[in-house]
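# Results of the structural survey
Residue strings, one per chain:
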Amino acid sequence: MIDHPYRPPPERPQRYFDTMPVADPLLDPITGFLNRKAGLRAAAILVAESNTSHTPLGAIWVDIDRFRQVNESFGHRGGDRVIALIAERIRTVVRHQCEYSRTGSDEFVLLVPAIDHADAEQLARRLLVEIERPLRIDTILIRPSASIGVAINQIGENPIALLERADRAMVEAKRQGGNRLVMSGDEPLTGRLGVHLAREELAIESALHAALESGGLRLDFQPILSRDGRVEAIEALMRCYANGQQVDPARFIPVAEKTGLIVRLGEWSLLQGTRCAARLCRQGTPTKLAINVSRAQLLSPRFIQALHGALICADVPPALIELELTESLIMDLSETVQANLRTTREVGVGLAIDDFGTGYSCLSNLKDLPATKLKLDRAFVGVLPDDRRSFAIVKAMTRLGQELGMIVVAEGVETCTQLAALAEAGVDASQGFLHARPMTEDALLAWMKQREQK
Amino acid sequence: MTEIADNVLSERPAIDRVLEQSLRDLDIPPRPLIIDRIKAEMGSASPNLRYVGQLISVDVSLAAGLIKTANSPYFGFRNRARSVHDALLMLGLDVTSRAVAAISLRQALPNNGQLERFWGASAQIAVLSSWLAQQTANPRLHAGDAYTYGLFRDCGIAVLLIRLPAYRQTLERANANTDLAFTAVEQQDFRTDHAMVGCLLAQNWWLPEEICLAIRHHHDRSAIDFFDSGLPASSRYLVAASQTAEHIVQQLTGGSRTQEWSKLGSSCLRLLRLAASDLPELYRGAEAVLATVD
């Protein structure tokens, strides 16, 4: 008799380990995504394919924000459940062909073939929204969020470099506070003054520096005429030129604010404005000069020193200077701003509120502001005299300003009928193309002299 | 400041009333056009030295000043410049534009006898600052910038002296004060200070932002002490180099009545990575450099 070749192993008690399914060596057991090792291998294959077929490949690096806190509050089992649920959400959002991998305890990398920059950005945004939905663990509702970095491979790039770029972008998203998306290449770079800037901001910063070092700033001047035809004041308007072309303030002001150059622009205007006031005095046509002041300047504790420095340098009486503040500035009157404005008034320098009526200023702030002049926004003037409702508002605002002891000025006057309507509304003075366009300093001096002689 | 304040205080000829009035009427000088033209040439692909030379030659005192600069032993040229063109070839356009700025600044503000020594002290500090910049070989501290900065750092004092007759007494008190920052004393009297006025003037002359900021904060210990003060690193190095240069000048010319080195010295040395024990050697080296400035 031949013995059966197979002999069952000796009986042994079943252990807990034996009840577990055999783990796939390539998959992460919690999410079913590729694990780190398999994910890297997939990246190598997909990058090689993308390089030969010349189709783009997107790497989306997702990192769950504050995941350690989740682990600490709910234990690792709770943490695993959160990861599993988020992985499920990721799978529902992505409708492209995609390799999912879990590369770390709270990190996922998605590799999406044939996706371009715009589509990848859109997909990542959808991921952000989906991940952010509240999630229930036991009885507690938590709100997860993620930081996402996206990189699109450049033909010929190796897989490690691609993943590193996505990772760097994710780290930047985290640095900016998390729950956001950064596309690789958009990470801020350090500007000349040591401030982080995005790539296109960097170009604007360097244009600003070029303007500041080559005499690229200029003040133009526009007169404000009172009802009886006198020159009530002159407003100084800053222009910025770089490489012979005028730079749009809407483009350079945000960068100037970020880098702190806004203070320099403001102080430059202050000195040039006071110098112009002094020149007007010397030629026998003393006139009040209105100079725009930014929020950043007023927030600086050295504002008063700059103001006095300019007044002393130019040797001009403070009563001939008026500072124009935008309405948005008065929305938020911090301690420093209020103190600076009070001191400004104590010295005898005037304060005008610019572009009044279209912002969100509340009247209680208006009450607290030691302003001497109210400038009504051009939006109300342009529709006069036909728009009777605007006319009513102009009339009411004029009354309001005058009752608070301010001179009321209308901006943007272009026609005689507008001027007549403003007179009817009781406005004290007006500014606009009807009276004069903004002009250079030399033109202004000549213009004033000519009026004087008449 | 302050070597400079000493000099101003030690000589006080009564200024004629008429002269005083004419000084008060003086406008703040804009940057001379010639500097813009030199900069424009520097920016072009093939700068035309002959053209720049012609521009400078139009102003005789400017031409003489530039030739003198090129012949100063500080630059160590063996040849002597005999013409503006020689000087241009020896100095290059960058140094030339800085030298022209220095000479023009001096010309632009009135030059009665008492300010003469003020400019002399500024020139010493400027040369020594740029020498220190070379010695420390810090990539963020450019010797040319240190020179320009040294010249402009205290120009606010010249303007305040012209504008405010009472400023002289304030300077004296600021020099003697051991507790308050120098500028705090000025602010008590005039609500402004020479650092702010100097910064405004530097902006008016279109100087780079780093130099303007360094002028604005050169008595501000917290701004130079802390890397996150908001002051760019290059500005902090400029302040440190010039304060150290001033201290060296004071040591070599027989001490001073000022307190600045006791307030800022340790911060400056730390920034420049120098130890107090390095100073004696610096004094010796500086003595040779200063001998070349007149």
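In this convention, every chain numbers its residues from 1, walking through the sequence in written order. To read the labels, note that chains go from A and ligands from 1, taken in the order they are written. Since the coordinates come from a predicted model, pLDDT governs what is reported: local features require at least 70, and pairs of side-chain atoms require 80 or more to be given and counted, while whole-chain, interface and lining totals use all residues. Only hydrogens and water are set aside; all other atoms, that is, all heavy atoms of the structure, feed into the side-chain values.

### Quick notes on the packing of helix H3 (residues 33-43) of chain B against helix H4 (residues 49-57) of chain B
Residues and elements named next belong to chain B. At a closest axis distance of 10 Å, the pairing of H3 and H4 adopts a crossing angle of 175°. When the interaxial angle is binned, H3 and H4 end up roughly antiparallel. In this structure, H3 contributes Ile34, Arg37, Ile38 and Glu41 to the contact, and H4 contributes Tyr51, Val52, Leu55 and Ile56. Asp, Glu, Lys and Arg are counted as charged, while Ala, Val, Leu, Ile, Met, Phe, Trp, Tyr, Cys and Pro are counted as nonpolar; the rest, among them Gly, fall into the polar class. Partitioning the contact of H3 with H4 into residue classes produces six nonpolar, no polar and two charged. Lines are fitted to the C-alpha atoms to define the axes, a helix being fitted only along its stretch in contact, and any angle between axes, read from their N-to-C directions, falls within 0 to 180 degrees. Numbered from the N terminus, helices here are DSSP runs of H or I no shorter than four residues, and strands are runs of E no shorter than two. In these notes the angle categories are as follows: under 35 degrees is roughly parallel, over 145 is roughly antiparallel, 65 to 115 is roughly perpendicular, and the rest is oblique. Only heavy atoms matter for contacts: two residues are in contact if any of them lie within 4.5 Å across the pair.

### Topic: the nonpolar core
Side chains of a nonpolar character, in soluble globular proteins, are inclined to be buried together. Counting 172 residues, the largest nonpolar core has Leu289, Ile321 and Leu323 of chain A together with Ile56 and Leu128 of chain B as the members making the most contacts within it. With sequence-adjacent residues up to four places away left out, Ile321 of chain A is seen in contact with Thr274, Ala277, Lys288, Leu289, Ile291, Leu311, Val316, Val349 and Gly350 of chain A. For this analysis, a nonpolar core means a set of buried residues of the types Ala, Val, Leu, Ile, Met, Phe, Trp, Tyr and Cys, connected via side-chain atoms within 4.5 Å. The rule is simple: take the accessible area with a 1.4 Å probe, protein chains only, and divide by the maximum for that residue type; under 20% is buried, over 50% is exposed, in between is partly exposed. If you look at the next biggest cluster of nonpolar residues, it comprises 34 residues, including Val93, Val94, Val112 and Ile115 of chain A.

### Examining the confidence of the model for chain B
Residues and elements named next belong to chain B. Per-residue confidence from the predictor is given as pLDDT, running between 0 and 100. On average, residues of chain B score 83 in pLDDT, and 88% of them are at 70 or above. When mean pLDDT is taken per element in chain B, helix H13 (residues 209-216) scores highest with 95 and helix H2 (residues 17-24) scores lowest with 52. Of the regions scoring below 50 in pLDDT, residues 9-15 engages in 15 contacts with residues more than four places distant in sequence or in other chains. Scored by ipTM, the complex comes to 0.85, with pTM at 0.74.

### Observations concerning a nonpolar patch on the surface
Residues and elements named next belong to chain A. Any residue with relative accessible area above 30% and no salt bridge may belong to a patch, with like charges joined within 9 Å and the nonpolar Val, Leu, Ile, Met, Phe, Trp and Tyr side chains within 5 Å. The Shrake-Rupley method, run with a 1.4 Å probe sphere, supplies the accessible areas, and residue values consider only the shown protein chains as cover. What counts as a salt bridge is simple: a side-chain nitrogen of Lys or Arg found within 4 Å of a carboxyl oxygen of Asp or Glu. Taken together, Leu363, Leu400 and Leu404 make up a surface patch of nonpolar side chains, about 250 Å² in accessible area. Of note, Leu404 is situated in the loop between helix H14 (388-403) and strand S17 (407-410). For Leu404, a relative accessible area of 41% gives the class partly exposed.

### Some details on the packing of aromatic side chains
Each pair of aromatic rings taken from Phe, Tyr and Trp, with Trp reduced to its six-membered ring, is defined by centres within 6.5 Å and is described as stacked if the planes are under 30 degrees apart, edge-to-face if over 60, and tilted in the remaining cases. Using the criterion set out here, one finds five aromatic pairs over all chains in the structure. Taken together, a centroid distance of 5.6 Å and an interplanar angle of 75° make the contact between Phe33 of chain A and Phe108 of chain A edge-to-face. Highlighted residues: Phe33 of chain A in the segment before helix H1 (36-53) and Phe108 of chain A in strand S3 (residues 107-113), separated in sequence by 75 residues. On the numbers, 6.0 Å between centres and 50° between planes, the contact of Tyr167 of chain B with Phe190 of chain B is tilted. Here the residue Tyr167 of chain B occupies a position in helix H10 (residues 167-176), and Phe190 of chain B occupies one in helix H11 (residues 182-190), the gap between them amounting to 23 residues. The class for Tyr167 of chain B is buried, based on a relative accessible area of 1%. Ring pairing ties together the aromatic residues Phe33, Tyr100 and Phe108 of chain A, which thus form one cluster. Lying over the aromatic face of Phe391 of chain A, Arg388 of chain A brings its terminal NZ or CZ to 4.5 Å of the ring centre. Residue placement shows Arg437 of chain A over the ring face of Phe433 of chain A; its charged tip is 4.0 Å from the ring centre. Charge over a ring is defined by NZ of Lys or CZ of Arg lying within 6 Å of the ring centre and within 35 degrees of the ring normal.

### Brief notes about the sheet that holds S3 of chain A
All names here are of chain A. Strand order in the open sheet made by the five strands is S2-S3-S1-S6-S7, with mixed pairing throughout. Strand pairing shows two members of the sheet lacking a second neighbour, strand S2 (99-104) and strand S7 (181-183), which therefore form its edges. Across the sheet, the axes of successive neighbouring strands diverge by a mean angle of 20°, strand direction being ignored. Two strands make a pair as long as DSSP finds a minimum of two bridges between them. One ladder, built from seven bridges, connects strand S1 (residues 57-64) with strand S6 (residues 146-152); its direction is antiparallel. Each residue of the ladder has a partner; that of Ala59, found in S6, is Ala151. This element, helix H3 (residues 117-131), spans S1, S3, S6 and S7 of the sheet and lies at about 165° to S6.

### Topic: the packing of H4 of chain B against helix H6 (residues 84-108) of chain B
Residue and element names in this part refer to chain B. Direction vectors running N to C along H4 and H6 enclose 75°, while the axes themselves pass 10 Å from each other. Considered as vectors, H4 and H6 are oriented roughly perpendicular to each other. Across the interface between the two elements, Leu49, Arg50, Val52, Gly53, Ile56 and Ser57 of H4 pack against Val84, His85, Leu88, Leu89, Leu93, Thr96 and Val100 of H6. Residue composition of the contact of H4 with H6, grouped by class: eight nonpolar, four polar and one charged.

### Considerations on the interface of chain A and chain B
With 34 residues of chain A in contact, the opposing surface of chain B contributes 30 residues. Buried area counts how much accessible surface, traced with a 1.4 Å probe, disappears from two parts once they are put together, with both parts' losses summed. With both chains or domains summed, chain A and chain B bury close to 2800 Å², and 52% of this area falls on carbon and sulfur atoms. In this structure, Glu346 of chain A engages Arg191 of chain B in a salt bridge whose closest nitrogen and oxygen atoms are separated by 3.7 Å. Whenever two N or O atoms come within 3.5 Å, that pair is a polar contact, provided that in protein one can donate a hydrogen and the other can accept it, and provided that, for residues adjacent in sequence, both atoms are side-chain atoms. Summed over the shared surface of chain A and chain B, the result is 14 residue pairs in polar contact (both at pLDDT 80 or more). Counting residues per element, the ones that place at least two in the side of chain A that touches chain B are helix H5 (199-213), helix H7 (261-282), helix H9 (303-314) and helix H11 (335-347) of chain A. Of the residues forming the side of chain A that touches chain B, the biggest block, 10 residues, is contributed by H7 of chain A. Of the residues contributing to the side of chain A that touches chain B, the split by class is 15 nonpolar, nine polar and 10 charged.

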